[in-house]
Amino acid sequence: MFKNYLKTAWRHLMKGKIFSLINIFGLTAGLTICLMIFLFVMNEFSVDSFHVNAKNIYRVMRGFDPAKPSVPFVSSPYAPALLNDFPGEIKQAVRVMPNDAALIVYNNKPFYEKHVIWADSNFFTVFSFPLLRGNPATALNDPNSIVLTESTAKKYFGDEDPMGKILELDRKIKLMVTGIMKDVPANSTLQFNFVTSLNFLIPKPFMKNWTNNGDYIYLVLNEHARKENIEKRLPAFMDKYMGREMQKMGIHFYLSLTPLRDVYLENASVFDNVRHGDRKVVYIFFSIAVLILLIACINFMNLSTIRAVDRGKEVGLRKVMGALRSTLTSQFLGESVLLALISSVLSFGLLLLLMPAFNNLLGYKLAIPYTAWWLYSFLGGTALVVGLLAGSYPALVLSRFSPIEALKGNLRLGKGGSFFRHALVVVQFSISVFLITGTIIILRQMSYMKNKDLGFDQEQTLVIRFDNSAIYNHMDMFRQALLSNSNIKSSCLMTGEPGGYFDSYAFDVEGRNHPWLARTEFTDFEFVKTLGLKIIAGRDLSAQYPTDTLSAVLINRLAATSLGFTPETAIGKWIRNTTRDSARRRIVGIVEDFNYTSLKQTIEPLVIAPNPGRNVALVKVNAGNLTQGIEAAKEAFAEAAPGIPCEYTFLDQKFDLFYSKDIRQQHILTIFSGLAILVACLGLFGLTTFTTARRTKEIGIRKVLGSTVQNVTLLLSKELLRPVLLATLIALPVAYVIMYKWLQNFAYRTAMQWWIFVLSAGITVAIALCTVAFNTIKAAVANPVQSLRSE
């Protein structure tokens, strides 16, 4: 019986091949997008959930201004102190110190590795990163131990047994391989290839410094412990251990705890080295997938409803033969579900083909969990729900036909049915217009950020980090060698390049009773020249003034304004870094504001001082001599740090990294928007096909009476394009409101000009017109004799 039912359903689907194909294509596209986004959403919300203790693990966060995001960097002494002061609540604490530029040497072959971490010996018992070789409880006990991921071990040792092999870190620390772990899964915030034992660093003096903030600290709470109760006692903890330092600096720090499973989607610090996602993006992608699936369902309802007239005699005959309305409804719903199930099978196959391209757009590998029951439950459940919802209205329309009218062939869907069909088209194209408008605005915002003048010259500039002791101890030799080369225009040493890290410090300022907070840059006398900054008042730092090293600073225009000075009146005022300066410094110059962080952030007050602590060099190469300049930098580096490869990046690439996620999201949204309007146009094409077929006799009579091809085409197109124009009028105000809110995420943003909305409307109408034109022109140019004979 079921087999016969399937045969009947399949036969009816094949009778309206063009409509069935349109429905299958639309549902397949919608379900494929839904599957992709579902996998994406599941991955985003399951990051770090694979850890056995995930629900009890928290990351310590540090902040000083509740209006700004906290940062995860704290100093090493916090971990033992927290364990000591909260013995009943905190079970374990593990410190992780990231090292994003390490020199690893094996058999005299040096490699720069960017994914190295130092970790406490209990790292593998707190986190569930399984070891293929070695003991998780003891792998990091030895100070000179190191654990590698499986793929990294293959890279260094090939088919050799890596256990017990010796690697060198920075050419001076010998480390023995004591474990091999599985590669870190993509849904982990911590991404690394090497884990070295923090026991090696514990004897170092900086590990006991409470202001040396360079660690992540993860806490494992006892089952009964509550995060809120611990956080209530953290202010007293800070006063106990940091009270004197905070009083000295004029800053009050606070601590908070973030659940491990919330770290990925929390407000990410720009300089947080762990992986982060964006909760808003997850919701946006999910909404787009639902909208595209809705467009496909509307197609199904529309095309199935207009086919009802063609099946009127079948319905009438079956009713005469005794078929009940419920039986007919079940049959039509069954056909709908069958078509949805066919689409779901096709969508899974299409998913397999498109996943590599989707992974490329995302920027990381999103695996398909073939053995996960929830994947197939989602696919089957979505197909079933879509089939029932999309087929419900057509089934009710078909099953309520009068058998007498149906057998006479007098069936009409009426004005109500026509209104409903057009309303569905309005919804479809409203979604399409919204997506097109959003895509155009996002494209403009990305272009604006990429081309905006940042206030400094980033062209022809190399960024070279001092990430090993050999070059760090000889940085001045390196810089002198650069300046003596004619291919190098200028060079400066600093704590952080534009787009890098600019730490915040408290300052005592002349005329102020309370400490003033500002970003800082510790650099040398070539900073302004190398970046091409503009001095708007006073003078630059200079070696011609021997006292500048200890008694002078520059500030930006915003810093002067926030202190209540004009650029001119700020000159000569004293300022003192409460942490780094033992004596006051005088403001000798004001630089024009420049964007030293992402354009998503506003410019903040900046103090530029010739303090020590520099760990990066900017090398400005003469125009037209880029190749020679790079070679000169490499030679100078080799002279200062023999045997260590020179790694460099370009300064203009730094800001591209800020927006890489936004650009990937823009590409995905563009593709989805194109797909949405394609599916909508397929539905419009089907509606056009039906309309022209039903009006064949009318078209023939009009042509016999003298109507031209243009008259007939305009008549048909006007009716079909009316809902598209109405959809445009509805969607544009909605798009304006939503995209205006989206642009508020950027401190610097493009204007939403009127022509953007005109362009969106024009694109939509043009595409719809092309879709309608094919069938309307075909009907208009047909021989009227044939048209009348067909009736």
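Below you will find a few notes about this structure.

Rules behind the numbers
Per chain, residues are indexed from 1 in the order of the written sequence. At least 70 in pLDDT is required for a residue's local features to be given in this predicted model, at least 80 for side-chain atom pairs to be given and counted, and no such filter applies to totals for whole chains, interfaces and linings, which use all residues. Excluded from the side-chain calculations are hydrogens and water; all other atoms, namely the structure's heavy atoms, are used. Strands here mean DSSP runs of E at least two residues long; helices mean DSSP runs of H or I at least four residues long; both are numbered from the N terminus. Between buried and exposed lies partly exposed: a residue is buried under 20% and exposed over 50% of the maximum accessible area for its type, with that area taken using a 1.4 Å probe on protein chains only. Contact criterion: two residues are considered in contact whenever any of their non-hydrogen atoms come within 4.5 Å of each other. Accessible surface is estimated by sampling points in the Shrake-Rupley manner with a 1.4 Å probe; for residues, cover comes only from the protein chains shown. Strand pairing requires that DSSP identify at least two bridges connecting the strands. Note on definitions: angles span 0 to 180 degrees between N-to-C directions of axes, and those axes are lines fitted to C-alpha atoms, for helices only across the stretch in contact. Here, patches come from residues exposed beyond 30% relative accessible area and free of salt bridges, joined within 9 Å for like charges and within 5 Å for nonpolar side chains (Val, Leu, Ile, Met, Phe, Trp, Tyr). Put simply, a salt bridge is a Lys or Arg side-chain nitrogen that is within 4 Å of an Asp or Glu carboxyl oxygen. Given the number of residues in a helix, its expected span is that number minus one, multiplied by 1.5 Å. Of all possible arcs, the one meant is that of the directions from the helix axis to the C-beta atoms. In the analysis that follows, any N or O atom pair within 3.5 Å is treated as a polar contact, provided that within protein one partner can donate a hydrogen and the other can accept it, and provided that, for residues neighboring in sequence, both atoms belong to side chains. Working rule for angles: under 35 degrees goes down as roughly parallel, over 145 as roughly antiparallel, 65 to 115 as roughly perpendicular, anything else as oblique. It is the rotation of the near helix from the far one that decides the hand of a crossing: anticlockwise by less than a right angle makes it left-handed, clockwise makes it right-handed. Nonpolar residues are Ala, Val, Leu, Ile, Met, Phe, Trp, Tyr, Cys and Pro. Charged residues are Asp, Glu, Lys and Arg, and all others, Gly as well, are polar. Space inside and on the surface of the protein is sampled on a 1 Å grid over the protein atoms alone, with a cavity defined as a set of points where a 1.4 Å probe fits but cannot get out and a pocket as an open set with protein on both sides within 12 Å along at least 5 of 7 lines; lining residues have an atom within 4 Å of a point. Grid points are joined across faces, edges and corners, and a volume is the space filled by probe spheres set on the points. Each aromatic pair joins two rings of Phe, Tyr and Trp (for Trp, the six-membered one) with centres within 6.5 Å, and gets the label stacked for planes under 30 degrees apart, edge-to-face for over 60, and tilted for any other angle. Each ring is checked for a lysine NZ or an arginine CZ that lies within 6 Å of its centre and within 35 degrees of its normal; such an atom marks a charge sitting over the ring.

Focus: the overall build of the protein chain
Scanning the protein chain for helices and strands turns up 26 helices and 23 strands. Taking all 791 residues of the protein chain together, the buried fraction comes to 52%. Counting contacts in the protein chain only where the partners sit at least 6 residues apart, residues at least 24 apart contribute 80% of the total. Looking at the protein chain as shown, the accessible area adds up to about 35,600 Å², and 59% of this sits on carbon and sulfur atoms.

Considerations on the sheet that holds strand β14 (residues 488-494)
Pairing in this open sheet of 4 strands is antiparallel, and the strands run β14-β22-β13-β23 from one edge to the other. The outermost strands of the open sheet, each flanked by one partner alone, are β14 and β23 (648-650). Between one strand axis and the next, the sheet turns through 25 degrees on average, direction left out of account. Bridge analysis of strand β13 (residues 461-465) against strand β22 (residues 616-621) gives 5 bridges, and the strand direction is antiparallel. Bridge assignment links V463 to a residue of β22, and that residue is L618. Each of β13, β14 and β22 is contacted by helix α15 (residues 475-483), which is oriented at about 165 degrees to β14, the strand it contacts most.

A few points about a nonpolar patch on the surface
Among the surface-exposed residues, W754, W755, V758, L759, I763 and I767 lie close enough to one another that they form a single nonpolar patch of about 560 Å² accessible area. Following the sequence through the fold, W755 ends up in helix α25 (residues 754-780).

Digging into the pattern of salt bridges
Summed over the entire model, instances satisfying the criterion amount to 19 salt bridges. Between E113 and K155 there is a salt bridge, with its nearest N and O atoms 2.7 Å apart. With E113 in strand β4 (residues 109-113) and K155 in helix α5 (residues 150-157), this residue pair connects regions lying 42 residues apart in the sequence. The class of E113 is buried, set by a relative accessible area of 6%. Taking the relative accessible area as the measure of exposure, K155 reaches 46% and is therefore partly exposed. With its nearest N and O atoms 3.6 Å apart, the salt bridge here joins R586 to E510. You can see R586 sitting in strand β20 (residues 585-591) and its partner E510 sitting in the loop between β15 (504-509) and β16 (516-522), a full 76 residues away along the chain.

Some thoughts on helix α20 (residues 626-640)
Compared with the 21 Å implied by 1.5 Å per residue over 15 residues, the 21 Å span of α20 between its first and last C-alpha is a close match. Every buried residue of α20 is listed here: G629, I630, A632, A633, A636, F637 and A640. In an axial view of α20, the angular spread of the buried residues amounts to 160 degrees, which keeps them on one side of the axis. In this structure, α20 carries T627, E635 and E639 as exposed residues pointing more than 90 degrees from its buried face.

Things to note about unusual backbone geometry
Even without being glycine, N107 reaches a positive phi, approximately 55 degrees. In this fold, N107 is placed in the loop between β3 (102-106) and β4. Residues other than glycine seldom take positive phi values, yet Q460 does so here, at roughly 55 degrees. Note that Q460 resides in the loop between α13 (414-451) and β13. When its relative accessible area of 26% is taken as the criterion, Q460 is described as partly exposed.

Considering the side chain of S673
Within the fold, S673 resides in helix α22 (residues 660-694). Reaching out from S673, the side chain makes a polar contact with the side chain of T439 at a distance of 2.9 Å. If we ignore the near neighbours within four places in the chain, the residues touching S673 are L435, I436 and T439.

Here's the deal with the environment of A680
Tracing the sequence through the fold places A680 in helix α22. The exposure class of A680 is buried, given its relative accessible area of 0%. Along the backbone, A680 and N299 are 381 residues apart, and their C-alpha atoms lie at a distance of 7.2 Å. With residues up to four places along the chain from it excluded, the contact list for A680 reads I295, N299, Q428, F429 and S432.

A few points about the packing of helix α24 (residues 709-743) against α25
In the contact formed by α24 and α25, the axes pass within 9 Å of each other and the chain directions differ by 155 degrees. It follows that α24 is roughly antiparallel to α25 by the angle criterion. Considering only the axes of α24 and α25, their crossing is right-handed. Only F757, S760, A761, T764, V765, A768, L769, V772, T776, I777, A779 and A780 of α25 make contact with α24, whose side of the interface consists of V709, V712, T713, L716, S717, L720, L721, V724, L725, T728, L732 and Y736. Among the residues making up the contact of α24 with α25, the classes are represented as 18 nonpolar, 6 polar and no charged.

Comments concerning empty space enclosed by the protein
Under the counting rule described, the total for this entry stands at 2 cavities of 30 Å³ or more. Quantified by volume, the second largest cavity comes out at close to 30 Å³. For the second largest cavity, the full set of lining residues is V60, L82, I90, L219, I230, L234, L255 and L257. For the lining of the second largest cavity, the per-class residue count stands at 8 nonpolar, no polar and no charged.

Observations concerning the pairing of strand β19 (residues 574-577)
As defined by bridge partners, β15 adjoins β19 across 3 bridges and the pair is classed as antiparallel. From the neighbouring strand, F507 faces β19, where its bridge partner is N577. Pairing geometry for β19 and β20, over 2 bridges, is antiparallel. The partner of I575 across the bridge, within β20, is R585.

A closer look at the side chain of E604
Along the polypeptide, E604 turns up in the loop between β20 and β21 (606-609). Judged by relative accessible area, which is 17%, E604 ranks as buried. With sequence-adjacent residues up to four places away left out, E604 is seen in contact with K68, R519, N556, L558 and Y596.

Topic: the packing of aromatic side chains
Going through the model one piece at a time under the given rule, you end up with 36 aromatic pairs. Geometrically, the ring pair formed by F348 and Y376 is tilted, given 5.9 Å between the ring centres and 40 degrees between the ring planes. Of this pair, F348 sits in helix α10 (residues 325-362) while Y376 sits in helix α11 (residues 373-399); the two residues are 28 residues apart in sequence, bridging distant segments of the chain. By relative accessible area, which is 17% here, F348 ends up buried. By relative accessible area, which is 39% here, Y376 ends up partly exposed. Note on F478 and F637: the rings are 5.9 Å apart at their centroids and 85 degrees apart in plane angle, and the pair reads as edge-to-face. Highlighted residues: F478 in helix α15 and F637 in helix α20, separated in sequence by 159 residues. In this structure, F478 and F637 share a single accessibility class: buried. Aromatic ring contacts, followed pair by pair, group F50, F123, F124, F127, F129, F192 and Y218 into a single cluster. Across from the ring centre of Y748, 4.9 Å away, lies the NZ or CZ of K452, which sits over that ring. Over the ring of W574 we find R584; its NZ or CZ atom is 3.8 Å from the centre of that ring.

As for the pairing of strand β8 (residues 166-169)
Covered by surrounding structure in β8 are L167 and L169 only, the residues I166 and E168 on the alternate face being uncovered. For β3 and β8, the ladder comprises 2 bridges, and the chain directions are antiparallel. Paired with V105 across the two strands is E168, which belongs to β8. In terms of strand pairing, β8 meets strand β9 (residues 173-181) through 4 bridges, oriented antiparallel. When the bridges of β9 are listed, L169 appears paired with I173. Where β8 hands over to β9, the hairpin turn is made up of 3 residues, of which D170 adopts a positive phi near 55 degrees.

By themselves, these are just geometric observations and shouldn't be taken as functional.
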